[in-house]
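# Analysis of the macromolecular model
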Amino acid sequence: MTDFTMQTDDDGVAVITWDADGRSMNVLTREAFATVEGLIDTALADASVKGIVITSAKKDFAGGMDLNVLAHIRTESGDTPAQGLFDFTMDGHRILRKLERAGMDPKTLKGGKPVACAINGTCAGIGTEIALACHRRFMTDSDRAKIGLPEILVGIFPGGGGTTRYSRMVGAMAAAPVLLEGKMLAPDKAKAAQLVDEVVPADDLLSAAKAWVLAATDDDIVKPWDRKGWKMPGGAPYHPAGFMTFVGASAMVNGKTQGVYPAAKALLSAIYEGAMVPFDTALRIEARWFVSVLMNPRSSAMIRSLFIDKQALEKGANRPDVPDQSVRKVGVLGAGMMGAGIAYVAANAGIDVVLLDREQAAADTGRGHAEAILDKGIKIKKVSAAKKDEVLGRIVATTDYDALADCDLIVEAVFEDPGVKADVTRAVDAVTGSDCIFATNTSTLPITELAKASKDAARFIGIHFFSPVDKMMLVEIIRGDATGDMAVARALDFVRQLRKTPIVVNDARFFYANRCIIPYINEGVRMVGEGVNPALIENAAKMMGFPVGPLQLVDETSIDLGVKIASATRAAMGEDYPDGAVDTVLIWMADHGRMGRKANAGFYAYDDTGKRTGLWEGLADQYPVAEEQPDLTNVQHRLMMAQVLEAVRAFEQGVLTDIREGDVGAILGWGFAPWSGGPFGWLDIIGATRAVEICEGLEATHGPRFAAPALLREMATSGATFHGSFGNGQTAQAA
Ligand code: NAD
């Protein structure tokens, strides 16, 4: 079977139907692109065909390009990967341009065949680019369907003509939300944004597209840029209005990306340069910028982590080989901030939930939290009233342990206290069956220790959600020493049901994510103690592409929590505890009531509504800014290495068993500079030799916490890369 087939109806409309073989979603492969070209040629050459409609046999139109194809082309092209990618891109332009010109006489612009696109569901990436090459786009009015060009979100930009076509349709400014922000639009918004021309009921979609094709005139199918005298909407760069747009746009792009994302800048350059030349030359310019982005190690790193590896983890790359363990009913213990969030995401995924707390009022408040999230969704028209009833209907709030009897999974999110956790573990064991898995959402307590309270440690596991649960996409699954495969598989299947991304790590202090986040925060706080300007610390982080600096991060998570974690760590480590200088600053802050965002007072100052108003000036009374400041690179290296070395150590020690999890987990868990592909991606970009050099410099001035781990040194000696050596899930121990 081929991915595209064509059938001509009695009226002479050739319907090309996309139905990717063996996939639930249409994604474009190289072979399929060749097939569709053959069908276009046949339809254009057949005198009995009056026009073409392109549609899909799946429930959605298309998911985009198979990004693995780009990786294959690179490898296949040997010493000339850029040429291989450029030829491939230009070939795509040639095919879509053929569709767009549809056999018309290039001089008179007459005699072409109309082509309509019938978009029957969600349509993204190359799917949208194919649609944009058609002469008219019809979209179903389904409230689930979205259309857009989200490429920028994985570090590239629309390189199948979408950038040039769409910016020429609406102008650079109006195109920004779709091209620069990657926004996916619902049908009515897509129509307003001119991504589609008509929104029609699903049942009328094909007939409306066919009717248009049969009625279209020569004039209807000529694109504006193929007519004489075409001008860029909103003004080309040399036009006064266009000039203003492009000046503003480059400032905006640099402000938003801090210059670390090559794709946004390349996208803007393609639009700017393309706007000054004829359409076909503009496509060539788009292709050159596209290839330059694909060849940039940052973009390959982003594609690898945010697309290929993330998908592999979601599909169960590290799932034990046991039958499906999907969860039908989950018991959530503790209806506080985390428990309520977990109850909501589970119910929203169609799982029945028993939400249990010590008192009925607390359980009800937790259920109310789910209701509040749903109400917010209704307000912004993302959730229907019926959906709200359905989701809330799945959550039973109670104090009664008997209600947990037939749960397949329990997730406890009670107080972070081993005694309280042991009590609820025993209470659950008394009522649940031998097939039930017990998970703890602890952020700091060792799973193996907590499992001691369980009747069967093989069925005890850590499932660590991040806050806020409904927004954060990462879930860290922690294997205790005795945790069995069934428990891991159930946890993974549960996370898949929630449509979140899982990583599976072994049990060690702070597991993986917090193990790396804490040193990042600590390094920032330590610098405050040394008299480094707080603005320098925060900006250094942001200029590396971190969404929040370490001081803002500790404000968000709360300073008293930082103090609590520090004292527990100090108690556990004794003499070896290395962070006394950090604690001095944190304790001073806590003593002065500066607990962070929740207290409207932390390293930042806040107004009455809780909005940050800038760094808190009072900090200088205790920690004055030193006269001599370190340079930006030094601050950046400290902040970066504090996290990255911890990730390497976690991998070296077998806490992390797969660097793909380390990279994806870092980006989704704490916003680790996405452009780098994650800590291991960053090390591969700079190279192990350079990394060791940086470590040696930092170790000499700042101490042994920056000593290069043995694994990193080995890689510097051998010239190996992390992804080259471990990128398919190999463990450090196996190397
Ligand atoms: P919270 O204080 O908001 O909620 C805890 C809830 O547990 C309260 O409603 C309390 O009444 C209930 N509870 C206490 N003892 C109970 C018992 N014996 N039986 C039933 N219910 C009981 O706490 P939280 O922030 O939701 O954290 C819960 C857990 O999740 C902790 O282990 C915490 O470390 C972990 N966690 C928290 C975060 C975070 O950012 N807050 C992130 C990840 C993990």
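I will try to describe carefully the structure that is included in this document. Values in this document were obtained by computation on a predicted structure and should not be read as measured data. (Residues numbered from 1 in each chain as written. Predicted model: local features only at pLDDT ≥ 70, side-chain atom pairs only at ≥ 80, totals over all residues. Heavy atoms only, no water.)

Below, the discussion takes up helix α22 (residues 559-573). With 15 residues, α22 ought to run about 21 Å at 1.5 Å a step, and its terminal C-alpha atoms sit 21 Å apart, in line with that. Looking at the buried residues of α22, the elements they touch are α21 (550-557) and α23 (580-591). The positive-phi residue at the C-terminal boundary of α22 is G574, with phi of around 60°. (Helix = DSSP H or I, 4+ residues; strand = E, 2+ residues; numbered from the N terminus. Expected span 1.5 Å × (residues − 1). Contact = heavy atoms within 4.5 Å.)

If you trace the eight strands from one edge of the open sheet to the other, you get β14-β13-β12-β15-β16-β17-β18-β19, paired in mixed fashion. The two strands at the open ends of the sheet, each matched to only one other strand, are β14 (395-398) and β19 (501-506). Averaged over all neighbouring strand pairs, the angle between strand axes comes to 25°, with direction disregarded. Looking at chain direction, strand β17 (residues 460-465) and strand β18 (residues 474-479) are connected through four bridges and run antiparallel. In the strand pairing of β18, F465 is matched with V475. Packed on one face of the sheet, helix α16 (residues 418-429) meets β12 (329-333), β15 (409-412), β16 (437-440) and β17 and runs near 165° to β16. (Pairing = 2+ DSSP bridges. Axes fitted to C-alpha atoms, helices over the stretch in contact; angles between N-to-C directions.)

If you walk through the whole model with that rule in mind, you get 50 salt bridges. As a salt-bridge pair, D219 and R227 come within 2.9 Å of each other at their nearest N and O atoms. For D435, the salt bridge goes to R490, with nearest N and O atoms at 3.1 Å. Remark: R490 occurs in helix α18 (residues 485-497) and D435 occurs in the loop between α16 and β16; sequence separation between them is 55 residues. Note on R490: relative accessible area 2%, which makes it buried. (Salt bridge = Lys/Arg side-chain N within 4 Å of Asp/Glu carboxyl O. Buried < 20%, exposed > 50% of the residue type's maximum accessible area, 1.4 Å probe, protein only.)

A surface patch of like charges, here negative, comprises D141, D143, D203 and D204. In this structure, D141 sits in the loop between β8 (136-140) and β9 (147-148). Take D141: its relative accessible area is 44%, and that puts it in the partly exposed class. (Patch = residues over 30% accessible without salt bridge, like charges linked within 9 Å, V, L, I, M, F, W, Y side chains within 5 Å. Areas by Shrake-Rupley, 256 points an atom, 1.4 Å probe, with all protein chains shown as cover. Lys, Arg positive; Asp, Glu negative; His and termini not counted. Charge placed at Lys NZ, Arg CZ, Asp CG, Glu CD.)

For the rest of this paragraph, the subject is the packing of helix α5 (residues 162-170) against helix α10 (residues 262-274). Orientation of α5 relative to α10, taken along the N-to-C sense of each, is 60°, at an axis distance of 10 Å. If you check the angle between α5 and α10, you find them oblique. For the pair α5 and α10, the sense of crossing is right-handed. Residue-level contacts link T163, S167 and R168 of α5 to L267, A270, I271 and G274 of α10. Looking at the contact of α5 with α10 residue by residue, the classes come out as three nonpolar, three polar and one charged. (Parallel < 35°, antiparallel > 145°, perpendicular 65-115°, else oblique. Left-handed = near helix turned anticlockwise from the far one by under 90°. Nonpolar A, V, L, I, M, F, W, Y, C, P; charged D, E, K, R; others polar.)

Okay, helix α26 (residues 659-670) next. A rise of 1.5 Å per residue sets the reference length of α26, with its twelve residues, at 16 Å; its end C-alpha atoms lie 16 Å apart and thus fit the reference within 8%. Here α26 lies mainly inside the structure; twelve of its twelve residues are buried. Between a side-chain oxygen at the N-terminus of α26 and the backbone nitrogen of R660 the separation is 2.9 Å; the capping residue is D658. Just downstream of α26, G671 is the residue with a positive phi angle, here 70°. (Polar contact = N/O pair within 3.5 Å; in protein donor to acceptor, adjacent residues only side chain to side chain.)

The strand order across the open sheet formed by six strands is β1-β2-β4-β6-β8-β11, and the pairing between neighbours is mixed. Each of the sheet's edge strands pairs with one partner strand only, and the pair in question is β1 (4-8) and β11 (198-200). Along the sheet, successive strands turn relative to each other by an average axial angle of 20°, direction set aside. Inspection of the sheet shows strand β6 (residues 115-119) paired to β8 by four bridges, in the parallel sense. Among the inter-strand pairings, A116 is bridged to a residue of β8, identified as R136.

Remember that the coordinates give geometry; whether it matters functionally is a separate question.
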